[in-house]
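# A closer look at the structure
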Amino acid sequence: MTYRVLAAAMAFLALAALTACGAEEFEDGDGTDLSIWFAPLDSNCSATAGTSYSEVKIRIRDNNLGKTVKEKTFKGEPPYSLKVPEGTDLEITCLGYTGGATPTMYARGRHFIVSKDKTTDLDLKAQTFSGFTCVEAPSSAPNILFPAVTNLPGGRVLVTGGFTKVKDTQGRYEIFAPSQVAYIYDPTDGSMRQANNLMNRGRGAHAAVYIPQTQQVLLVGGAETLYWDQGGEGFPLYFEKSKAGTVGKTYELFDTVTETFVPRADMVDAGEAENEADLLFLSIPRVFPVAVVNNLGTVLVTGGGLWPSAAGTFEQDAKYQQVELYVPRIIGETESEGFVPNKGVAMMALRTGHTAVHLETQNKQSVYLFWGGNIHSDQPVAEIYTASSKQLVGDLGNFTQISFTDGDSYNKKRPFFHTMTPLASRRFLLAGGVNNSKGELKVPSVNDAFLVSVDSNNVISTEKVEGLGTGRYLHTAASWDGKNVVLMGGFTSVTQGEQTLFADMATADVKVFNLSSKSLTGPDADDTMIPRAGAGAVVLPNDCIFLAGGVDAPALGLEATGNPPPLLTEVYCPRTICPEGLWGSVCYLDE
């Protein structure tokens, strides 16, 4: 299905969605007839199939008017029929009950358009409320480690790459065979399908970003092989440049309209030889690179070198401090696409295993905050990148140093493989990761959670956040409203005698951060997660979180003996998207 067809289908569903979640009947009897089938996913892996409702509460808000226009409670099973007003930006929330006082199923949709005097039907898929819903992937899909998961137009999600196999070799695990198959999750019907063709190259530990100007996804960097040391004393994950393959020097494009990967005209078979048509400009392998999209549609790519590990030291090649700029082909503005020459622009620190978050848009140009991933005390832990207005002709922009408030000691830390989640008012939740100490990465700590604030002069202050509970890295984090953040899983540590070592096992721990309380707490007891690390996660239009891939342990979660475990895909709808105090008003304050 192409995106144009999908968009038409979603517009149709939008009309219907609005119906189901309606409220009180209009006094004048005016409105549009809507019928909603509010049902759980019907899949072999989901325990919610066939759920029977005792009650369903529905609320519809008109975001143009800023108020609720309909609220209604239904008894029994779907479909639910009601009248709603016409509108062009309607938001619908539904809560399903199965006999108790706590809702068990949830659905939300936004930006629906409803036309007057037109009857519409909708199949609105319900998700487990305050819990995880399994998404049925194609039966041939193996589980993957370190995929890239990217939001697409229309609510779709693209899952690309990730490693599929593991073998035990001489005190280390070899993680290899990156997938060349990509998958698309469609929340309108809960399905997951393969893209219409294969990726040009299988890759894992890569970056992928959506470019609105061209409606394409840029995939960049990655590796063909990683290693996991079994000793536990040094940071276990690493790669070797001589064995990582050439994919880390390459990029490719996915067309979101046709749902196909753009073939390279002179593409050679994967792994044979380097190919100028898909190479980065600097031609260095970038593993776990960080890519950000600028306002004009260009993409800045940073990092991707060696990090301190049980097998080696921090990256020594100064090329990794230089950045790369991808310029897309935009009709009327650029004649071709590709990575352009770097005219000496470099970061203020050589970084790898770092993060980047959007700080603001200034004079129509993107401004990003880069954090961590370096070991040198004479280089800043963080810096700010400001894009140039001349990106389309190869001007990469510039980096500037930030300062910390007096007495803030965080600038002495150097975290790797942490998460940095944007919150309201130039604030961010910095969570987890492993910190550098004298050129070595130390086991993750329960003390590594901070609220980061950036003032208008770009001066940073940090505030310790309590409640992390479990130190973690290579975990996932997501926020749907800029006020709440969910931290999920990650690799952690284990204590053996008097030693604390890196653990091979992932944690199942879930923590929720609230900006008002500035603390991390455990979710509801029903929010039981499968232990996993190295997964990809994005927020869906209904505020739930889609997760793909990840493993409970490097030796257990991938194919090792010829029987690949199935692709692990789930949707998590945490209770905090609809707190208990708002159940009676269907997740909104009374208006």
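Computed from a prediction, not measured in an experiment: that's the story for all the values here.

Okay, the environment of asparagine 458 next. Structurally, asparagine 458 is set in the loop between strand E35 (449-454) and strand E36 (459-464). What makes asparagine 458 partly exposed here is its relative accessible area of 22%. Once the C-alpha coordinates of asparagine 458 and glycine 303 are considered, the two residues, 155 residues apart in sequence, prove to be 23 Å apart. Of note is the side chain of asparagine 458, whose polar atom sits 2.8 Å from the side chain of arginine 426.

Let's shift gears to the pairing of strand E22 (residues 299-302). Side-chain alternation along E22 places Val299 and Val301 on one buried face and Leu300 and Thr302 on a second face that is also buried. Relative to E22, strand E21 (residues 290-293) runs antiparallel, the two sharing four bridges. In the strand pairing of E22, alanine 291 is matched with valine 301. What sits between E21 and E22 in their antiparallel hairpin is a turn of five residues, with glycine 297 showing a positive phi close to 100 degrees. Bridging between E22 and strand E23 (residues 324-327) involves three bridges; their strand directions are antiparallel. Considered in E23, the bridge of valine 299 is made with tyrosine 326.

This paragraph deals with the sheet that holds strand E9 (residues 148-151). What the four strands build is an open sheet, ordered E9-E10-E13-E14; its pairing is antiparallel. This sheet does not close on itself; its edge strands, each paired only once, are E9 and strand E14 (191-194). Across the sheet, the mean angle separating the axes of adjacent strands is 20 degrees when strand polarity is ignored.

Strand pairing in a sheet relies on backbone hydrogen bonds, with the paired strands running either antiparallel or parallel. Pairing in this open sheet of four strands is antiparallel, and the strands run E15-E16-E19-E20 from one edge to the other. Of all strands in the sheet, those bounded by a partner on one side alone are strand E15 (207-211) and strand E20 (260-261). Sheet topology places E15 next to strand E16 (residues 216-220); five bridges connect them, and they run antiparallel. Each residue of the ladder has a partner; that of isoleucine 211, found in E16, is glutamine 216.

The tally for this structure, following the rule as stated, stands at two disulfides. The residue that forms a disulfide with cysteine 544 is cysteine 573, at a sulfur-sulfur distance of 2.0 Å. Classification of the bridge connecting cysteine 544 and cysteine 573 rests on its S-S torsion, roughly 105 degrees, and on that basis the disulfide is right-handed. One end of the pair, cysteine 544, is in the loop between strand E43 (536-539) and strand E44 (545-548); the other, cysteine 573, is in strand E45 (residues 569-573), and 29 residues separate them in sequence. Paired by a disulfide, cysteine 578 and cysteine 587 hold their sulfur atoms 2.1 Å apart. The sign of the S-S torsion, about -95 degrees, decides the handedness of the disulfide formed by cysteine 578 and cysteine 587: left-handed. What makes cysteine 587 buried here is its relative accessible area of 7%.

By the element assignment, asparagine 435 lies in strand E33 (residues 434-437). Overall, asparagine 435 belongs to the buried group, its relative accessible area being 14%. In terms of polar contacts, asparagine 435 uses its side chain to reach the side chain of aspartate 448, at 2.9 Å. Those residues in contact with asparagine 435, other than ones at most four positions away along the chain, are Lys413, Arg414, Pro415, Glu440, Leu441, Lys442 and Asp448.

What follows is about the confidence of the model for the chain. Mean pLDDT over the chain: 88, with 90% of residues reaching 70 or higher. Here residues 1-28 is modelled with pLDDT under 50, and outside its nearest four sequence neighbours on either side it reaches 100 contacts, counting other chains as well. Within the model, the stretch residues 266-275 combines pLDDT values under 50 with 16 contacts to residues more than four positions away or in other chains.

The residue threonine 250 is located in the loop between strand E18 (237-238) and strand E19 (251-255) in this model. At 2.7 Å, the side chain of threonine 250 forms a polar contact with the backbone oxygen of valine 247. In this view, threonine 250 contacts Arg201, Arg203, Leu219, Val220, Gly221, Asp278, Leu279 and Leu280; residues no more than four positions away in its chain are not counted.

Before going further, it helps to spend a moment on the environment of tryptophan 480. Within the secondary structure, tryptophan 480 is located in the loop between strand E37 (476-478) and strand E38 (484-488). Spatially, the C-alpha atom of tryptophan 480 lies 29 Å from that of serine 179, the residues being 301 residues apart in sequence. Setting aside residues no more than four positions away along its own chain, tryptophan 480 makes contact with Val486, Val539, Asp543, Pro574, Thr576 and Ile577.

Before going further, it helps to examine unusual backbone geometry. With omega at 5 degrees, the peptide bond leading from proline 78 into proline 79 counts as cis. In this fold, proline 79 is placed in the loop between strand E3 (67-75) and strand E4 (80-84). The backbone phi angle of phenylalanine 146 is positive, close to 60 degrees, even though this residue is not glycine.

The next thing to look at is the packing of aromatic side chains. Evaluation of the coordinates by the stated rule reveals 28 aromatic pairs. Aromatic pair tryptophan 228 and phenylalanine 491: ring centres 4.6 Å apart, planes at 50 degrees, arrangement tilted. Of the two residues, tryptophan 228 is situated in strand E17 (residues 225-229) and phenylalanine 491 in strand E39 (residues 491-496); the sequence distance between them amounts to 263 residues. By the burial criterion, tryptophan 228 is buried, and phenylalanine 491 matches it. Geometrically, the ring pair formed by tyrosine 385 and phenylalanine 399 is tilted, given 5.0 Å between the ring centres and 40 degrees between the ring planes. One end of the pair, tyrosine 385, is in strand E27 (residues 382-386); the other, phenylalanine 399, is in strand E28 (residues 398-401), with 14 residues separating them in the sequence. The same class applies to tyrosine 385 as to phenylalanine 399, namely buried. The lysine or arginine in question, lysine 167, covers the ring of phenylalanine 176, its NZ or CZ lying 5.3 Å from the ring centre. Across the ring face of tyrosine 227, the terminal group of arginine 172 is positioned such that the distance to the ring centre comes to 3.7 Å.

Attention shifts here to the pattern of salt bridges. Scanning the model with the defined rule gives 23 salt bridges in all. Of the charged contacts in the structure, one is a salt bridge between arginine 201 and glutamate 224, with a shortest N-O distance of 3.5 Å. Here arginine 201 is found in the loop between E14 and E15, whereas its partner glutamate 224 is found in the loop between E16 and E17, with 23 residues between them in sequence. In this structure arginine 201 comes out as buried when scored by relative accessible area, which is 2%. One salt-bridge network, in which partners are shared between bridges, spans Glu91, Arg108, Arg110 and Asp543.

With respect to the helices, strands and loops of the structure, threonine 188 is situated in the loop between strand E13 (183-186) and E14. The exposure class of threonine 188 is buried, given its relative accessible area of 18%. As a C-alpha pair, threonine 188 and alanine 207 span 19 residues in sequence and 26 Å in three-dimensional space. Within polar-contact distance, the side chain of threonine 188 engages the side chain of aspartate 186 at 2.6 Å.

Reading the values: rules and limits
- Residues numbered from 1 in each chain as written.
- Predicted model: local features only at pLDDT ≥ 70, side-chain atom pairs only at ≥ 80, totals over all residues.
- Heavy atoms only, no water.
- Helix = DSSP H or I, 4+ residues; strand = E, 2+ residues; numbered from the N terminus.
- Buried < 20%, exposed > 50% of the residue type's maximum accessible area, 1.4 Å probe, protein only.
- Polar contact = N/O pair within 3.5 Å; in protein donor to acceptor, adjacent residues only side chain to side chain.
- Pairing = 2+ DSSP bridges.
- Axes fitted to C-alpha atoms, helices over the stretch in contact; angles between N-to-C directions.
- Disulfide = S-S within 2.5 Å.
- Contact = heavy atoms within 4.5 Å.
- pLDDT = per-residue confidence, 0-100.
- Phe/Tyr/Trp six-rings, centres within 6.5 Å; stacked < 30°, edge-to-face > 60°.
- Lys NZ or Arg CZ within 6 Å of the ring centre and 35° of its normal.
- Salt bridge = Lys/Arg side-chain N within 4 Å of Asp/Glu carboxyl O.

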